[in-house]
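# Observations on the model geometry
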Amino acid sequence: MKHDLLGLKELSADQIKHILDTAASMKEVVKSPNKKTPHLQGKTVVTLFYENSTRTRLSFELAAKYMSANAANISSSGSSVAKGETLIDTAETINAMGTDILVMRHGMSGAPHLLSPLVSAAVVNAGDGMNEHPTQALLDMLTIKEHKGHIEGLKVAIVGDVYHSRVVRSNIYGLTKLGAEVSVGGPATLMPMGIEELGVKVFDNVQEAIVDADIVMGLRIQLERQKKGLFPSTREYFRFFGIDEQRLRLAKPDALVMHPGPVNRGVELSTSVIDGERSVITDQVTSGVAVRMAVMYLLSRGGF
Ligand code: NCD
């Protein structure tokens, strides 16, 4: 049977823990001077990106290369997608070239779920619309675990554009399965209806969400997904909902500051918070390579 990583909704707590444990050992490779293992020797990994990306795309590619895979990337601009080829035809073409792992990002929620039964390659969701971004949540959890030693019992506040965020959805599934207490906060216009059904506390402001938090995670304002103005201006957003040093004092004194990137400096977080001593944003990036190594390695061996 073929195995994929489409979302954390489908994974059990034990499966998530298994990925995180594997990623912790992969991190040794990322930090070592000789970044080459035989884990994916002879395998082919293709990243297919219909949306912009810096961290996710590069980290999948480097993760594949560190494990000796053949790695190639294709994006919608510059490929036959720009000539009107459909997603399904494009994926079948990539599959027919002997691809073992197909990593994909698409603006439509459910795109990787649609492709999975049509290709023999293992499909990894690198972000589908506003649905899920499982490897981002896994790298967030690995970073938290490394700094705090555990996830169970932690208070995690995720604040910002909750409505458009696939990162928040994957984190809610993953963190609650591992026993964290999650609250979300932000403007009411950027809060999806019914989000409390996922087992989180919901606030229409940032202050209440971050009181006593162990982790404060900012989310980017997804201007590219907003059809109409859902808040007056980015300056006003920062004034009412941005995280600066003063607001951060509401969280625990040793709270970590996280953000999936790219950050809009001075909109979601102040520059002093981004570059401050509590920020682990750069560690998140390193964890990203390790998590993607672990996910692809485990998939090549039959899943989680
Ligand atoms: C996130 C994404 O693409 O969903 N970025 C990322 O993968 N590091 C978050 C974002 O773009 O805001």
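Quick look at the structure, then. (Residues numbered from 1 in each chain as written. Predicted model: local features only at pLDDT ≥ 70, side-chain atom pairs only at ≥ 80, totals over all residues. Heavy atoms only, no water.)

## Observations concerning the environment of Ser77
Turning to its location among the elements, Ser77 is positioned in the loop between strand E2 (70–75) and helix H3 (87–96). Exposure remark for Ser77: the relative accessible area of 57% places this residue in the exposed category. For the pair Ser77 and His133, spaced 56 residues apart in sequence, the C-alpha to C-alpha distance is 22 Å. (Helix = DSSP H or I, 4+ residues; strand = E, 2+ residues; numbered from the N terminus. Buried < 20%, exposed > 50% of the residue type's maximum accessible area, 1.4 Å probe, protein only.)

## Quick notes on the sheet that holds E2
Strand order in this open sheet of four strands is E2-E1-E3-E4, and the pairing throughout is parallel. Only two strands of the sheet have a single partner each, and these edge strands are E2 and strand E4 (122–128). Averaged over all neighbouring strand pairs, the angle between strand axes comes to 15°, with direction disregarded. Sheet topology places strand E1 (residues 44–49) next to E2; six bridges connect them, and they run parallel. What sits directly across from Phe49, in E2, is Ser75. On the sheet, helix H11 (residues 281–300) packs against E1, strand E3 (101–106) and E4 and is oriented at approximately 150° with respect to E4. (Pairing = 2+ DSSP bridges. Axes fitted to C-alpha atoms, helices over the stretch in contact; angles between N-to-C directions. Contact = heavy atoms within 4.5 Å.)

## Description of the packing of helix H5 (residues 134–148) against helix H6 (residues 166–177)
Packing of H5 against H6 brings their axes to within 8 Å, and their N-to-C directions diverge by 55°. Put simply, H5 runs oblique to H6. Relative to H6, H5 is oriented so that their crossing is right-handed. On the side of H5, the interface is formed by Pro134, Gln136, Ala137, Asp140, Met141 and Ile144, while H6 contributes Val167, Ser170, Asn171, Gly174 and Leu175. The residue makeup of the contact of H5 with H6, split by class, is six nonpolar, four polar and one charged. (Parallel < 35°, antiparallel > 145°, perpendicular 65-115°, else oblique. Left-handed = near helix turned anticlockwise from the far one by under 90°. Nonpolar A, V, L, I, M, F, W, Y, C, P; charged D, E, K, R; others polar.)

## Quick look at the pairing of E3
Most of E3 is tucked away, with six of its six residues classed as buried. Covered by surrounding structure in E3 are Ile101, Val103 and Arg105 together with Leu102, Met104 and His106, the residues of both alternating faces.

## Describing H3
Taken as a whole, H3 has its buried residues at Leu87, Thr90, Ala91, Ile94 and Asn95. Burial along H3 is one-sided: seen end-on, the buried residues are contained in an arc of 135°. The inward-facing, buried residues of H3 contact E1, E2, E3 and helix H4 (111–115). Positive backbone phi, at 90°, marks Gly98, one or two positions downstream of H3. (Arc of directions from axis to C-beta.)

## Side note on the pairing of strand E6 (residues 181–185)
Summarising burial for E6: four of the five residues are buried, a large majority. Relative to E6, strand E5 (residues 155–159) runs parallel, the two sharing five bridges. Looking across to E6, one finds that Ala157 is bridged to Ser183. Viewed along the sheet, the connection from E5 through H6 into E6 turns out right-handed. Here E6 pairs with strand E7 (residues 201–203) via three bridges, running parallel. Looking at E7, one finds that Ser183 is bridged to Lys201. (Right-handed = clockwise from strand over helix to strand, strands pointing away.)

## So, the site of the ligand
Around the ligand sit Arg55, Thr56, Arg105, His133, Gln136, Arg166, Val167, Arg220, Gln222, Pro260, Gly261 and Pro262, and that is every residue in its neighbourhood. In the model, an oxygen atom of the ligand is placed 2.7 Å from a nitrogen or oxygen of the His133 side chain. Between the ligand and the protein, one listed contact pairs an oxygen atom with a side-chain N or O atom of Gln222 at 2.7 Å. In a pocket analysis with a 2 Å cut-off to the grid points, the ligand is assigned to the largest pocket. Elements supplying a minimum of two residues to the shell around the ligand: helix H2 (55–66) and H6. Looking at the shell around the ligand residue by residue, the classes come out as three nonpolar, five polar and four charged. (Near = heavy atom within 4 Å. Polar contact = N/O pair within 3.5 Å; in protein donor to acceptor, adjacent residues only side chain to side chain. 1 Å grid on protein atoms, 1.4 Å probe; cavity = no way out; pocket = protein on both sides within 12 Å on 5 of 7 lines; lining within 4 Å. Sits in = over half its atoms within 2 Å of the grid points.)

## Quick word on H2
A turn of α-helix holds 3.6 residues, and therefore any two residues three or four places apart point the same way. Between its first and last C-alpha atoms H2 spans 16 Å; for twelve residues at 1.5 Å apiece the expected length is 16 Å, and the two agree. Those residues of H2 that sit buried are Thr56, Ser59, Phe60, Glu61, Ala63, Ala64 and Tyr66. Where the residues of H2 are buried, they touch E1, E2, E3, E4, H5 and H11. Looking one or two residues beyond H2, the residue adopting positive phi is Ser68, at roughly 70°. (Expected span 1.5 Å × (residues − 1).)

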